[in-house]
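Fold and geometry: a report
Residue-level listing of the chains:
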Amino acid sequence: MRGSARVSWAWSLVGIALLLALWEAGHRLYGPLVLPGLGDTALTLWRMIRAGQVGPALLETAGNAGLGWIIGVLIGSCAGMLAGLREEAQRALQPVAIILLGVPAIAWVVLALLWFGGRWAVVVTVAAATGPMLFAAALEGVRSLDSTLARMAQVYQVPLSARLTEVYGPQLLSHLFPALVTTLAMSWKVAVMAELLAGAGGIGDGLGTARAHVDTAETMAWVVVVVGVLIVVDAGVLQPLQRRLWLWRDDERGGGR
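Calculation notes
Residues numbered from 1 in each chain as written. Predicted model: local features only at pLDDT ≥ 70, side-chain atom pairs only at ≥ 80, totals over all residues. Heavy atoms only, no water. Helix = DSSP H or I, 4+ residues; strand = E, 2+ residues; numbered from the N terminus. Expected span 1.5 Å × (residues − 1). Bend = angle between axes of the 7 residues up to and from the residue. Buried < 20%, exposed > 50% of the residue type's maximum accessible area, 1.4 Å probe, protein only. Contact = heavy atoms within 4.5 Å. Patch = residues over 30% accessible without salt bridge, like charges linked within 9 Å, V, L, I, M, F, W, Y side chains within 5 Å. Areas by Shrake-Rupley, 256 points an atom, 1.4 Å probe, with all protein chains shown as cover. Salt bridge = Lys/Arg side-chain N within 4 Å of Asp/Glu carboxyl O. Phe/Tyr/Trp six-rings, centres within 6.5 Å; stacked < 30°, edge-to-face > 60°. Axes fitted to C-alpha atoms, helices over the stretch in contact; angles between N-to-C directions. Left-handed = near helix turned anticlockwise from the far one by under 90°. Nonpolar A, V, L, I, M, F, W, Y, C, P; charged D, E, K, R; others polar. Core = buried A, V, L, I, M, F, W, Y, C linked by side-chain atoms within 4.5 Å. Arc of directions from axis to C-beta. UniProt positions renumbered as here; feature names shortened; annotations may be inferred.

Okay, helix H4 (residues 87–102) next. The terminal C-alpha atoms of H4 lie 23 Å apart, and with 16 residues this matches the ideal 22 Å at 1.5 Å per residue to within 8%. Within H4, the axis deviates most sharply at Leu93, by approximately 30°, and proline Pro95 lies no more than four positions further along. Residues of H4 that are buried: Ala89, Gln90 and Ala97. Those residues of H4 that are buried are in contact with helix H3 (54–85) and helix H6 (118–143).

As structure tokens, this is what we get:
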């Protein structure tokens, strides 16, 4: 297992190295005004960190994205589970989710600016963009619950708390987890876009300032920050959770045999 993990990391490094090489080739081909070099971007990022620009902006964007994502998770997953349990609720809520899913994130930014403004425009945009996806995942998760296992738990009078944590929860999570991962990454990108358009602070506001100054090195430095956070969250949080989910699935298959 460790050997395969090392091979996976090695190929990941190869992909990143190839991307950096293409970046540097683009810089040499088109010049610093179009695409700054790796060295210039790194120096600009270091200057921004020392000036105290990155930390507060990072925390502000993380707060906006996290709050919007949590609201989207709570509303979307609860509505999806209700729709999965009650056919009437599904008929009422599914068209609404489809309509909301079809509204572009940029339109939500404009509407949220008119309705709320400031930070809440960002939070509402993230929640509106992520909620419908979680609704669909929760609906599918409830539909796919193993009814035989549920009936067995009832026959043997398994406590409700144990049923939720050992029977229903893991099965539902196996469908919800991919949507949680996707919407978490989406919430970060949507929050940056909404901040850029709303001027609500955070990384998006930093990108807007760099664009106004036609400073491509600073723009790419902010992009590196955004991508770096996504990589850290994926490697440090999402992949370990995904491995645990795979282990649970393997245990379930092994138990079935």
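This next bit is on a nonpolar patch on the surface. Judged by side-chain polarity, Val110, Leu111, Leu114, Trp115, Phe116 and Trp120 come together as a nonpolar surface patch covering roughly 680 Å² of accessible area. For the nonpolar patch, the element with the most residues is helix H5 (residues 105–115), which contributes 4 residues. Turning to its location among the elements, Leu114 is positioned in helix H5. The exposure class assigned to Leu114 is exposed, which follows from its relative accessible area of 66%.

Here Leu20 lies in helix H1 (residues 2–30). A residue is classified by how much of its surface remains accessible, and Leu20, at 35% relative accessible area, is partly exposed.

All told, the structure shown has 1 aromatic pair when counted by the stated rule. A ring pair is formed by Trp115 and Phe116, whose centres lie 6.5 Å apart and whose planes are at 85°; its orientation type is edge-to-face. Residue Trp115 is classed as exposed on the basis of its relative accessible area, which comes to 54%.

Further remarks concern the packing of H5 against H6. Look at H5 against H6: their axes get within 9 Å of each other, and the N-to-C directions meet at 140°. Crossing geometry of H5 relative to H6 is assigned as right-handed. On H6, the residues touching Ala105, Trp108, Val109, Ala112 and Leu113 of H5 are Ala121, Val124, Thr125 and Ala128. A class-by-class count of the residues in the contact of H5 with H6 yields 8 nonpolar, 1 polar and no charged.

Let us now look at the pattern of salt bridges. Oppositely charged side chains may form a pair once their charged atoms are brought near each other. As enumerated under the stated definition, the model contains 4 salt bridges in all. A salt bridge links Arg28 to Glu24; the shortest N-O distance between them is 3.6 Å. You can see Arg28 and its partner Glu24 sitting in helix H1, 4 residues apart, about one turn around the helix.

Quick look at the nonpolar core now. Membership of the largest hydrophobic core comes to 21 residues, with the highest contact counts inside it found for Val54, Ile203 and Trp222. Only helix H2 (38–50), H3, H6, helix H8 (160–198), helix H9 (202–212) and helix H10 (216–256) provide two or more residues apiece to this core. The biggest single contributor to this core is H8, with 5 residues. When sequence neighbours within four positions are dropped, the list of residues in contact with Ile203 reads Ala57, Leu58, Thr61, Trp188, Val192, Glu195, Trp222, Val225 and Val226.

Time to look at H5. Burial in H5 covers these residues: Trp108, Val109 and Ala112. Buried residues of H5, seen end-on, are gathered within an arc of 105° and therefore sit on one face of the element. Phi for Gly117, located one or two positions after H5, is positive at around 80°.

Let us now look at the UniProt feature "transmembrane region" (unreviewed entry) in the protein. In the UniProt entry, the feature "transmembrane region" (unreviewed entry) is given for residues 7–26, 66–85, 97–116, 122–142, 176–200 and 220–238. Here residues 97–116 runs as 85% helix and 0% strand, with 22 Å between its end C-alpha atoms. A distance of 30 Å separates the end C-alpha atoms of residues 122–142, which is 100% helix and 0% strand.

Next up on the list: the environment of Leu85. Mapped onto the elements of the fold, Leu85 is located in helix H3. Distance from Leu85 to Leu139, taken between C-alpha atoms, is 8.4 Å for residues 54 residues apart in sequence.

Moving on, we come to unusual backbone geometry. Backbone geometry places Val214, a non-glycine residue, at a positive phi of 50°. By the secondary structure assignment, Val214 is in the loop between H9 and H10.

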